[in-house]
Amino acid sequence: MKKLFGFILTLVFMASCATTDENPFFSDYDTPFGVPPFHLIENSHFIPAFEEGVRQQEAEIAAIITNPALPDFDNTVAALDYSGDLLNRVASVFYNYNSSNTSDEIQALAQEVAPMMSSHRDNISLNPALFSRIQTVYNQKDELDLTEEQAMLLEETYQSFVRNGAALPAEQQERFREINQELSVLTLRFGQNVLADVNDFKLWIDDEADLAGLPGSVVDAAAEAAAAEGQEGKWLFTLHNPSVMPFLTYADNRDLREKMNRAYVLRGNNDNDNNNQEIINRLVELRLERSKMLGFDTYADFALQNRMAGNVETVETFLKDLWTAALPIARDEAVELQKMITSEGGDFELAYWDWRYYAEKVRKAKYDLDEGEISQYFEINNVRDGIFMIVNKLWGLEFVERPDVPVYHPDATAWEVLEADGSHLGILYMDMHPRASKRGGAWMSSYRRQQVTQDGEFVHPIITIVCNFTAPSGNQPALLTFDEMTTFFHEFGHAIHGLMSDVIYPGLAGTSVPRDFVELPSQVLENWAKHPDVLKMFAKHYETGETITDELIDRIMASANFNQGFATVEFLASALLDMDYHTKTVFESFDVNEFETRVQNRYDMMDEIYFRHGSTHFQHIFSGGYSAGYYSYIWAGVLDADAFEAFVETGDLFHQETARKFRTEILERGGTRDAMEMYKSFRGKEPGIEPLLRQRGLVR
Ligand SMILES: [Zn+2]
C-alpha cells in the first residue's frame, strides 16, 4: 500500500513536470554564473512558478515536521532556512520586476501574488508543529554547542516566529492572518497609487519664455520627452526626480514652480482613484492592532524591539536632539533666502516651492557655485569608474563588464566582480535612469543571496542597483548632480555589503541586518565621494578630461554645509512623522492632511519646508520596510561618520588594515552577530555623535 502511494505521487509529479517543461524557473538556469534567464522569462511563468514554489516549500516543511528524529539545529532551524529555493528564485525576479521593470500586467499579478505569499508565510510562521520543534531547539540553546552564526540563526528564527504570532492562541492567529493578508495588499496598492500619480502628471510647456532659468541640458531633456510623446516643439516635465528637481531648482516662473511642487507634494493625495489617505488610515490601524496582539503598546515598540536603537524613547530623544540643533540653522537659512527675494524686488514671502530655487541662487552668489558647473565633472561612467577605483584601492576588487550575461531590461548592464586574486565574487547589475516602468528613488536588491549550501557549495551573490539618475540627452552624456553622484556611491556601498557576504545560512546573508544598521556600509562610502583628495582622483571634466580644480573643490567644500539646515529639517520632519504614525496607542480615524499639520505644529516646524516625504507618497514607511524606521538613515549617519573617522585618524583614506577590518568585522558578516558588537570589533569602541554634527555643520 505504501509503495503504491509512492508510485502515484511519482506519476503526479512527472505529469506536472511535463506540463511545465517550458517554464524557465523549473530548471537549473543554463546561463553564465547562473543568473536568471531573463530572455526566457515571460509573465505567464510567474504564477505557476509561485504556486509550485509554495508547494515545494510546504513539502519541505512537512518533511521537517514529520522527521522522526528529535528536533535539532540542523534538522529544524537550518533545514527551514534552506527551504523554499524555487520560491526564492521566482520571488526575487518577480519583486525586482515589480520595482524596476513593471507593467499593468505585472502590477495585476502582484495583486494576486501578495495575498498568496502572505498566507504562505503565515502557514509557516503559524504552524504549531513547526514552532514546537523550533521552541524545543531554542530551549536547549545553551547546551547545543552552536557556532556564533548558528546561535544567531536560532535566535532570529525563534524571535521571528514569536513576532509573527506563533505563540498566540489559535483564535487570535486567525485574526492575525486576516490582518497580514490585508496589509500585504494595502502596502502594494500604496506604491502602485504613487507610481500612477507620477505617471499621470504632465506639465506641458509650449511658450519658450516659461523655460527661463533652466539649464540647456534640462530643456533638451524636456524637448526629447515631449517628442517621445509625439509633441515635437513642446517641452514636457514630469514628477520623476531628474525632471522635477531641476525644474524646482532653476525655473524662474514662480507659478509653474508652485504648480509643479504642489503636484509633487500631492502624489497619492489627489481627488482620484490613486488617493492613499484611506490606505494610510487602515495601515496604521492594522499595524497597531497586530502589535497589541503581540503585547506591545504601539507599532513602534514592536518594530524597534529588534533594532539597534532598541526602543522608542531612544529614537525620539535622538531625533529631537538633532531637530533642536537643525531648526535654528534652517530658520537662519530662510532669512537669507528671504533677503535674496527682497533684493531682487520680489514682493512675496518665501514658500516651500521657492526654497530650492532661492537656495541655488544664494549658493551661487555666496560660493560662485552652481549645480550645472559641478555636474560637468560627474559624467556617469566617470563616476562609476571612480567608484570601481576606490573600491579597488580599499579591497582590491575588480569589475569586468559582461555583455554575455542576460539582463532584465536593455538599460541594465551586468558586471562580474572579482577579488584581488582574480577569483569570482559575484555579479552586479546596474540600471541607472528613469523610465515609466520603474518606481522612483534608488535602491539595491538581489537576485540571489550568498550562502553555503547544505552540500557545502559556496553560492555567489547576484546583486542589483537601480537608480533614477539624470539621463543623457541630445549629444550630452548623463551628467550627475553632486547629490546623484553621492547616491551612486551610497547604493554601491549596499551592493558591496551584499557581494562581500561570507556566511553559511542564506537568512543571515549580506544586508540581512537590523534596519538601523543597514545604512552604514552605504553611507560610509559617501564619505569618500565627498573628500577633496578622492574627488581629484576621479572627477574629470566630461569634455576636456581635465581634473577638477583645487579651486572648484574649495568652493564645493566651503559650500558643503550650505543648506544643511534645510536638508536636515526636511529629513527629520519625515522621520518624526513616521514615529508619530507609529506611536499611537489608540486608533481613531484621521484626516491625513490634519495629521501632518498637527505634527508640524507640535515640532514648531516652518511652513517654508515641507516633509521630505509627505504621508501619501511616503513609500519607505507605507510600502517599504522602513515603518518606524525612517530615522535609520540619520542613525546610521552617526555610525558612518564615526567609521570614516577611523580611516581619517590613520592619515590614510585607504588604510589597508582599517579597510580589512571593516570588511571582516562588518561587510562579510551579514547578520551573524549583534550589530553593536560588529561595530565595536571594527572600531574598538561605540560610535560617538560628534563626527556627525561636525560633518553637517550642526555645531555652532
Ligand atoms: Zn540606503
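Just so it is clear, the structure is predicted and the values come from calculations on it, not from any experiment. (Residues numbered from 1 in each chain as written. Predicted model: local features only at pLDDT ≥ 70, side-chain atom pairs only at ≥ 80, totals over all residues. Heavy atoms only, no water.)

## Some details on the overall build of the chain
Here is step 1: The number of helices and strands found in the chain is 28 helices and nine strands.
Here is step 2: Compactness check: the chain gives a C-alpha radius of gyration of 26 Å against a globular reference of 27 Å for 700 residues, within 12% of the reference.
Here is step 3: Overall, the chain is about 95 × 60 × 55 Å in size when its C-alpha atoms are taken along their principal axes.
Here is step 4: Taking all 700 residues of the chain together, 56% fall into the buried category.
Here is step 5: Long-range pairs, those at least 24 residues apart, make up 73% of the contacts in the chain with a sequence separation of at least 6.
Here is step 6: Of the charged side chains in the chain, 59 are positive and 110 negative, and the gap between their average positions amounts to 3 Å. (Helix = DSSP H or I, 4+ residues; strand = E, 2+ residues; numbered from the N terminus. Rg over C-alpha atoms; globule rule 2.2 N^0.38 Å. Buried < 20%, exposed > 50% of the residue type's maximum accessible area, 1.4 Å probe, protein only. Contact = heavy atoms within 4.5 Å. Lys, Arg positive; Asp, Glu negative; His and termini not counted. Charge placed at Lys NZ, Arg CZ, Asp CG, Glu CD.)

## Side note on the packing of aromatic side chains
For any pair of aromatic rings, geometry is given as the distance between the ring centres together with the angle between the planes.
Here is step 1: Scanning the entire structure with this criterion turns up 54 aromatic pairs.
Here is step 2: Aromatic pair Phe 38 and Tyr 97: ring centres 6.3 Å apart, planes at 25°, arrangement stacked. Placement of Phe 38 in the loop between α1 (2–19) and α2 (46–66) and of Tyr 97 in helix α4 (residues 85–100) is noted, with a sequence separation of 59 residues between them. The same class applies to Phe 38 as to Tyr 97, namely buried.
Here is step 3: A ring pair is formed by Phe 131 and Phe 161, whose centres lie 6.1 Å apart and whose planes are at 10°; its orientation type is stacked. (Phe/Tyr/Trp six-rings, centres within 6.5 Å; stacked < 30°, edge-to-face > 60°.)

## Details of the nonpolar core
Here is step 1: One finds Phe 237, Phe 488, Phe 492 and Trp 528 to be the most contacted residues of the largest nonpolar core, which totals 174 residues.
Here is step 2: It is helix α14 (residues 312–343) that contributes the most residues to this core, 14 residues altogether.
Here is step 3: Here Phe 488 is in contact with Ile 380, Val 383, Arg 384, Ile 387, Met 430, Met 432, Ile 465, Phe 469 and Leu 480, once residues within four sequence places are set aside.
Here is step 4: If you look at the next biggest cluster of nonpolar residues, it comprises 34 residues, including Tyr 29, Ala 114, Met 117 and Val 466. (Core = buried A, V, L, I, M, F, W, Y, C linked by side-chain atoms within 4.5 Å.)

## Section: the coordination of the zinc ion
Here is step 1: Summarising the metal site, the zinc ion is bound by the protein donors His 490 (NE2), His 494 (NE2) and Glu 519 (OE), whose distances to it range over 2.1 Å.
Here is step 2: Taken in chain order, the donor set of the zinc ion reads H-x3-H-x24-E. Of the two residues, His 490 and His 494 are both situated in helix α18 (residues 482–499); the distance of four residues between them amounts to about one turn of the helix.
Here is step 3: Classification of His 490 by relative accessible area gives buried; the value is 9%.
Here is step 4: Looking at His 494, the relative accessible area reads 7%, which means it is buried. (Donors = N, O, S within 2.8 Å, 3.2 Å for Na, K, Ca; no water.)

## Some details on the environment of His 494
Here is step 1: Placed 25 residues apart in sequence, His 494 and Glu 519 show a C-alpha to C-alpha distance of 7.6 Å.
Here is step 2: Non-local contacts of His 494, meaning those with residues more than four positions away in its chain, are made with Met 444, Thr 511, Val 518, Glu 519 and Ser 522.
Here is step 3: Within polar-contact distance, the side chain of His 494 engages the side chain of Glu 519 at 3.0 Å. (Polar contact = N/O pair within 3.5 Å; in protein donor to acceptor, adjacent residues only side chain to side chain.)

## Considering the environment of Gln 159
Here is step 1: The topology assignment puts Gln 159 in helix α7 (residues 148–163).
Here is step 2: When its relative accessible area of 28% is taken as the criterion, Gln 159 is described as partly exposed.
Here is step 3: Remark: the alpha-carbon pair of Gln 159 and Phe 469, spanning 310 residues in sequence, is separated by 39 Å.

## So, α2
Here is step 1: Over its 21 residues, α2 runs 30 Å from end to end, which matches the ideal 30 Å to within 8%, given 1.5 Å per residue.
Here is step 2: For α2, the complete set of buried residues consists of Phe 46, Ile 47, Ala 49, Phe 50, Glu 52, Gly 53, Val 54, Gln 57, Ile 61 and Ile 64. (Expected span 1.5 Å × (residues − 1).)

## Description of the sheet that holds strand β9 (residues 462–466)
Here is step 1: In spatial order, the strands read β3-β4-β5-β9-β6; together these five strands make up an open sheet with mixed pairing. Two strands in the sheet have a free side with no partner beyond their single neighbour: β3 (398–401) and β6 (443–448). When strand polarity is set aside, the average angle formed by the axes of neighbouring strands in this sheet is 30°.
Here is step 2: Of the pairings in the sheet, the one linking strand β4 (residues 413–418) to strand β5 (residues 424–431) comprises six bridges and is antiparallel in character. Opposite Thr 413, over in β5, you have Met 430 as the bridge partner.
Here is step 3: Docked against the sheet, α18 engages β3, β4, β5, β6 and β9, running at close to 150° with respect to β5. (Pairing = 2+ DSSP bridges. Axes fitted to C-alpha atoms, helices over the stretch in contact; angles between N-to-C directions.)

## Remarks on the side chain of Ser 99
Here is step 1: Mapped onto the secondary structure, Ser 99 falls in helix α4.
Here is step 2: The contacts of Ser 99, once residues within four sequence positions are left out, are Ser 437, Lys 438, Arg 439 and Trp 443.

## As for the side chain of Ser 445
Here is step 1: The residue Ser 445 is located in strand β6 in this model.
Here is step 2: Side-chain polar atoms of Ser 445 contact the side chain of Asn 96, separated by 2.9 Å.
Here is step 3: The residues contacting Ser 445, other than those within four sequence positions of it, are Asn 96, Ile 463 and Thr 464.

## Comments concerning helix α19 (residues 519–529)
Here is step 1: Counting buried residues along α19, eleven of its eleven residues qualify, which places the element largely inside the surrounding structure.
Here is step 2: The set of residues buried in α19 consists of Glu 519, Leu 520, Pro 521, Ser 522, Gln 523, Val 524, Leu 525, Glu 526, Asn 527, Trp 528 and Ala 529.

## A look at unusual backbone geometry
Here is step 1: Residues other than glycine seldom take positive phi values, yet Asn 563 does so here, at roughly 70°.
Here is step 2: Among the secondary structure elements, Asn 563 is positioned in the loop between α21 (550–558) and α22 (564–582).

## A word on the environment of Glu 344
Here is step 1: Assignment of secondary structure puts Glu 344 in the loop between α14 and α15 (352–367).
Here is step 2: We classify Glu 344 as partly exposed; its relative accessible area is 41%.
Here is step 3: Distance from Glu 344 to Pro 472, taken between C-alpha atoms, is 34 Å for residues 128 residues apart in sequence.
Here is step 4: Ignoring any residue separated from it by four or fewer positions in sequence, one finds Glu 344 in contact with Tyr 358 and Lys 361.
Here is step 5: Within the structure, Glu 344 has its side chain in polar contact with the side chain of Lys 361 (distance 2.7 Å).

## Points about the packing of α22 against helix α23 (residues 592–602)
Here is step 1: Contact geometry of α22 with α23 gives a least axis separation of 10 Å together with a crossing angle of 115°. Considering the relative orientation of α22 and α23, their crossing is right-handed. Residues Leu 577, Asp 580 and Tyr 581 of α22 form the contact with α23, whose own contacting residues are Val 592, Phe 595, Glu 596, Val 599 and Arg 602.
Here is step 2: Tallied by class, the residues present in the contact of α22 with α23 amount to five nonpolar, no polar and three charged. (Left-handed = near helix turned anticlockwise from the far one by under 90°. Nonpolar A, V, L, I, M, F, W, Y, C, P; charged D, E, K, R; others polar.)

## Focus on the packing of helix α8 (residues 170–200) against helix α12 (residues 277–293)
Axes are the key here: two packed helices are described by the angle between their axes and the distance separating the axes.
Here is step 1: Interaxial distance between α8 and α12 falls to 10 Å at its minimum, and their mutual angle equals 150°. Viewed along their axes, α8 and α12 adopt a mutual orientation that is roughly antiparallel. Remark: the crossing between α8 and α12 carries left-handed chirality. Facing α8, whose interface residues are Gln 172, Arg 175, Phe 176, Ile 179, Asn 180, Glu 182, Leu 183, Leu 186, Thr 187, Arg 189, Phe 190 and Asn 193, α12 presents Ile 279, Ile 280, Arg 282, Leu 283, Leu 286, Arg 287, Glu 289, Arg 290 and Met 293.
Here is step 2: Partitioning the contact of α8 with α12 into residue classes produces ten nonpolar, four polar and seven charged. (Parallel < 35°, antiparallel > 145°, perpendicular 65-115°, else oblique.)

## Observations concerning the confidence of the model for the chain
Here is step 1: Mean pLDDT for the chain: 93, with 97% of residues reaching 70 or above.
Here is step 2: In the model, residues 1–20 has pLDDT below 50 throughout and makes one contact with residues more than four positions away in sequence or in other chains. (pLDDT = per-residue confidence, 0-100.)

## A word on the pairing of β4
Here is step 1: Burial analysis of β4 places five of its six residues in the buried class, which makes it a mostly covered element.
Here is step 2: One ladder, built from four bridges, connects β3 with β4; its direction is antiparallel. Paired with Glu 401 across the bridge in β4 is Trp 415.

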